[in-house]
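Listed below, chain by chain, are the residues.
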Amino acid sequence: MISARQSCFFPRLLLLLLYPCFIQQAHASVDEARTSKSELLYNLALLSQTPYRPRQEIYTVCAFEEDIGHLKATSLESQKLQQSPIFLVTLKTQADVKRCNLLYIQDVVSQKPLELQQIIQKESVLTVVHQGNKFAEFGHVEISELDKRYQFMLRLGAAKQAGIVFDSRLMKLATNLIQ
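Residue indices begin from 1 for each chain and proceed along its sequence in written order. Where totals are concerned, whole chains, interfaces and linings use all residues; where local detail is concerned, this predicted model gives features only for residues with pLDDT of at least 70, and gives and counts side-chain atom pairs only at 80 or more. Values shown for side chains rest on all heavy atoms present in the structure; no hydrogens or waters enter the calculation.

Draft legend 1. Expanded view of the overall build of the chain. Each helix and strand in the chain was counted, giving 5 helices and 10 strands. Burial classes follow relative accessibility: with a 1.4 Å probe on protein chains only, a residue under 20% of its type's maximum area counts as buried, one over 50% as exposed, and anything between as partly exposed. When the 179 residues of the chain are sorted by exposure, 41% land in the buried category. Taking as baseline every contact in the chain between residues at least 6 positions apart, the subset at least 24 positions apart corresponds to 58%. Each helix corresponds to a stretch of at least 4 residues labelled H or I by DSSP, and each strand to a stretch of at least 2 residues labelled E; elements are numbered beginning at the N terminus. We call two residues contacting when some pair of their heavy atoms lies within 4.5 Å.

Put into structure tokens, the structure is as follows:
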């Protein structure tokens, strides 16, 4: 017969044994989300063109310090775009955006959104913003997650102002096209 003290001990022991499994599953889930988001960015970049921007030897995907943890460098850097290797770069200031081909924004809130918008337009930087961020109205692509699947809408007017052209296949996959 099991005493009251022992009966409390067994559930605790079971929890201690299962705890590493829960942590591992949570970590795997976060890693999957980072991988999926990085693959989405790759595909968005692949199906977007910046014809007025000079071709560069590397394709630079950028995110501010607050957002870099949402992406997986190995997923991006194992790919190539237009025969150029991809590098994931952490930005410290808005002025650093000039060196980016693609800018990802999720949590960061721009202190000077109009200044950032001007840099993005002048440099033809494809900007992908997570839904709910205040900068979303200035971005070219707005992404959202529903049931572990990503959806996106394209802001055609903002893209045209920045000299960005979306492939027709990408436009067909978008949930919404905003002029």
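Draft legend 2. Representation of the pairing of strand β7 (residues 141–146) within the structure. Sheet topology note: the strand β6 (residues 126–130)/β7 ladder contains 3 bridges and is parallel. Bridging across to β7, H130 finds its partner in I143. Any two strands with at least two DSSP bridges between them are considered paired. Bridging between β7 and strand β8 (residues 149–155) involves 6 bridges; their strand directions are antiparallel. Across the sheet, the residue bridging to V141 is L154, located in β8. The loop that links β7 with its antiparallel partner β8 comprises 2 residues; one of these, D147, has a positive phi angle of about 55°.

Draft legend 3. Broad picture of the packing of aromatic side chains. Centres within 6.5 Å are what make two rings of Phe, Tyr or Trp a pair, Trp counting through its six-membered ring; a difference in plane orientation under 30 degrees is then read as stacked, over 60 as edge-to-face, and the rest as tilted. Within this structure, the stated rule accounts for 1 aromatic pair. Residues F135 and F138 carry aromatic rings whose centres are separated by 5.2 Å and whose planes lie at 45° to one another, so their mutual orientation is tilted. Both residues of the pair, F135 and F138, count as buried.

Draft legend 4. Highlighting unusual backbone geometry. One non-glycine residue, Q82, lies in positive phi territory at about 55°. Among the secondary structure elements, Q82 is positioned in the loop between β3 (80–81) and β4 (84–91). Even without a glycine there, the phi angle at S124 is positive, about 55°. Considering the arrangement of structural elements, one finds S124 in the loop between α3 (113–123) and β6.

Draft legend 5. Molecular detail of the environment of E39. Tracing the chain through its elements places E39 in helix α1 (residues 4–46). Here the alpha-carbon distance between E39 and L71, two residues 32 residues apart in the chain, equals 9.2 Å.

Draft legend 6. Seen up close, the nonpolar core. Residues L44, L102, V128, V141 and F166 are the most contacted members of the largest nonpolar core, which totals 29 residues. Of all the secondary structure elements, the ones that give two or more residues to this core are α1, β2 (59–64), β4, β5 (102–105), β6, β7, β8 and α4 (156–162). If you tally residues by element for this core, the top one is α1, at 5 residues. If we ignore the near neighbours within four places in the chain, the residues touching F166 are L47, S48, L126, H140, V141, L154, R155, L156, A159 and M171. The definition of a nonpolar core used throughout is a set of buried Ala, Val, Leu, Ile, Met, Phe, Trp, Tyr and Cys residues joined through side-chain atoms within 4.5 Å. One finds F64, C100, V125 and A136 within the second-largest nonpolar core, a separate group that totals 17 residues.

Draft legend 7. Here's a closer look at the confidence of the model for the chain. pLDDT gives the predictor's per-residue confidence on a scale running from 0 to 100. Per-residue confidence for the chain gives a mean pLDDT of 85, with 84% of residues at or over 70. Confidence drops under pLDDT 50 across residues 13–27; counting only partners more than four residues distant or on other chains, this segment forms 0 contacts.

Draft legend 8. Geometry of the pattern of salt bridges. Should a side-chain nitrogen of Lys or Arg be within 4 Å of a carboxyl oxygen of Asp or Glu, the pair is scored as a salt bridge. Applying the stated rule across the entire model yields 5 salt bridges. The partner of R34 in a salt bridge is D31, with the nearest N and O atoms 3.6 Å apart. On the criterion of helical spacing, the pair formed by R34 and D31 is a turn pair, its members being 3 residues apart in helix α1. Under the relative-accessibility criterion, R34 is labelled partly exposed at 25%. A salt bridge links R169 to D167, with the shortest nitrogen-to-oxygen separation between them at 3.0 Å. By relative accessible area, which is 52% here, R169 ends up exposed. The partly exposed category is assigned to D167, whose relative accessible area is 23%. Salt bridges sharing partners connect three or more residues here, namely D31, R34 and K72.

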